[in-house]
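What the coordinates show
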2 protein chains.
Amino acid sequence: MLPALPLPASLETAHGPVQVRRATPGDLPALARLLGDDPISAARGDSGDIADYRAALDAVLAAPGNDLLVAVDAGGTVVGTLQLTVIPGMARRGATRLLVEAVRVASTRRSSGIGGALMRWVMRDAALATGAGLVQLTSDAARTDAHRFYTRLGFADSHIGFKYTVGA
Amino acid sequence: MLPALPLPASLETAHGPVQVRRATPGDLPALARLLGDDPISAARGDSGDIADYRAALDAVLAAPGNDLLVAVDAGGTVVGTLQLTVIPGMARRGATRLLVEAVRVASTRRSSGIGGALMRWVMRDAALATGAGLVQLTSDAARTDAHRFYTRLGFADSHIGFKYTVGA
C-alpha cells in the first residue's frame, strides 16, 4: 500500500465523473475481466480466469511501495485499473521513480477520457504525494494508439523496454 | 533489502572473478563515481557529487522490495552496480516482476564481461530466489551497444519505455 496517495479521488471526464480508489479483494472478478479484455494481454495468457489472480492481488495489496487502484464510474462499475510502485533510486541524482504498470480501461469505455484522467492524476497528484521525480512505464511496441496517448500526455518515448520471461 | 537474494555471489568473467554483494553506506563514493562515469547519465545531471546520493542510498537500502548491489573485483575495487526491485503484479497471470535499474560498469572495465556476468546472475539466480516470472529493464534509445548486449542475453526489445520528468 502507498498510504500517501490522496485516495479516494474524484476525476472529471467528458462522460461524467469517475472515482479512483484502492482495489480490494472484492474487486478480483472485475480486475480479472479487465486484464483479459485486451487482445495483447490475452495473447500473453491473461484469460480473465480469477483463479490466476487471487494470490497476486493479495501480494500486491500487501506489498510496501505498491498500490493497485481501480476507477469506478457513477454507476459503481469498475472501468479501469493501474498499479503504482514507488522506487527510491540512485540515478538521476537520487530521483524517486513512480512506476506505472498494467494500465487497463474496459474495452467498452475506451476513448472516453478515463485513461487520460487517470494518468494526469498519476503524473500530478500521485507523483507529488509520493515525492517522485520521474514517472515511468513501458508499453508494448504493438500498442501504437497507446504511444500517441502517452506522448500527448507529456511522456518522452526515450527508452527501449526489454523483457525476459524466466524459464521460457 | 531483498533477503532472498543469494549474496554474496562469486561470478567468473574472462578477466577474473568478481564478487556481487549488497551495497553499504561506505560504497557511496564509488557509487557516485559510477553514476557520473557515463555521458548519457552525466547529461541528466549525474555529476558524481556524493551529496546528491547520500539520502537516496539510505532510502534504497531501507526500502522493502529493493536491493542495491555492487560488483567488486579481486583487488577490492567496486567496478559495477545495479538496483533490483521485486514487484508483485496482476498482469501476465499474476506474474512477479524483477525490475533492473541503474546498471553501470566502470568505463575502464567495460567489455570485460562484468555486465554480462551480472545480468546472467540476475536472470537466473536472482529471478529464481525472488520468484520472478519476468525480468524487465529499460535502456535509453541512444545506448545502441547496450541494446545489442541485452538482446544477446535473451531479452526481447518488445516495449517502448516512456518517462515523464515531474515539474520539468
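Refer to the preceding data block for the structure.
Because the structure is predicted, anything quoted here is derived from the model rather than measured. (Residues numbered from 1 in each chain as written. Chains lettered and ligands numbered in written order. Predicted model: local features only at pLDDT ≥ 70, side-chain atom pairs only at ≥ 80, totals over all residues. Heavy atoms only, no water.)

A short note on the interface of chain B and chain A
At the junction of the two partners, chain B supplies 59 residues and chain A supplies 59 residues. Summed over both sides, the interface of chain B with chain A buries roughly 5400 Å², with 63% coming from carbon and sulfur. The largest share of the area that chain B buries against chain A comes from B:Met90, B:Phe162 and B:Lys163, three residues that together contribute 18% of it. Counting across the chain B and chain A interface gives two salt bridges. Residues A:Arg97 and B:Glu101 are paired through a salt bridge, measuring 3.0 Å at the closest nitrogen-oxygen approach. The tally of links from chain B across to chain A stands at 28 residue pairs in polar contact (both at pLDDT 80 or more). Broken down by class, the residue content of the side of chain B that touches chain A amounts to 31 nonpolar, 17 polar and eleven charged. With seven bridges connecting them, strand β7 (residues 156–165) of chain A and strand β6 (residues 134–140) of chain B associate as antiparallel partners. (Contact = heavy atoms within 4.5 Å. Buried area = accessible area lost by both parts, 1.4 Å probe. Salt bridge = Lys/Arg side-chain N within 4 Å of Asp/Glu carboxyl O. Polar contact = N/O pair within 3.5 Å; in protein donor to acceptor, adjacent residues only side chain to side chain. Nonpolar A, V, L, I, M, F, W, Y, C, P; charged D, E, K, R; others polar. Pairing = 2+ DSSP bridges. Helix = DSSP H or I, 4+ residues; strand = E, 2+ residues; numbered from the N terminus.)

As for helix α6 (residues 144–153) of chain A
Looking only at α6(A), the buried set comprises A:Ala146, A:His147, A:Phe149, A:Tyr150 and A:Leu153. Along α6(A), the residues classed as buried sweep out an arc of 160° about the axis, all on the same side. Exposed and facing more than 90 degrees away from the buried side of α6(A) are A:Asp145 and A:Arg152. Tucked inside the fold, the buried residues of α6(A) contact β5 (97–105), α5 (114–130) and β6 (134–140) of chain A together with β7 (156–165) of chain B. Just past α6(A), the residue A:Gly154 takes up positive phi, approximately 115°. (Buried < 20%, exposed > 50% of the residue type's maximum accessible area, 1.4 Å probe, protein only. Arc of directions from axis to C-beta.)

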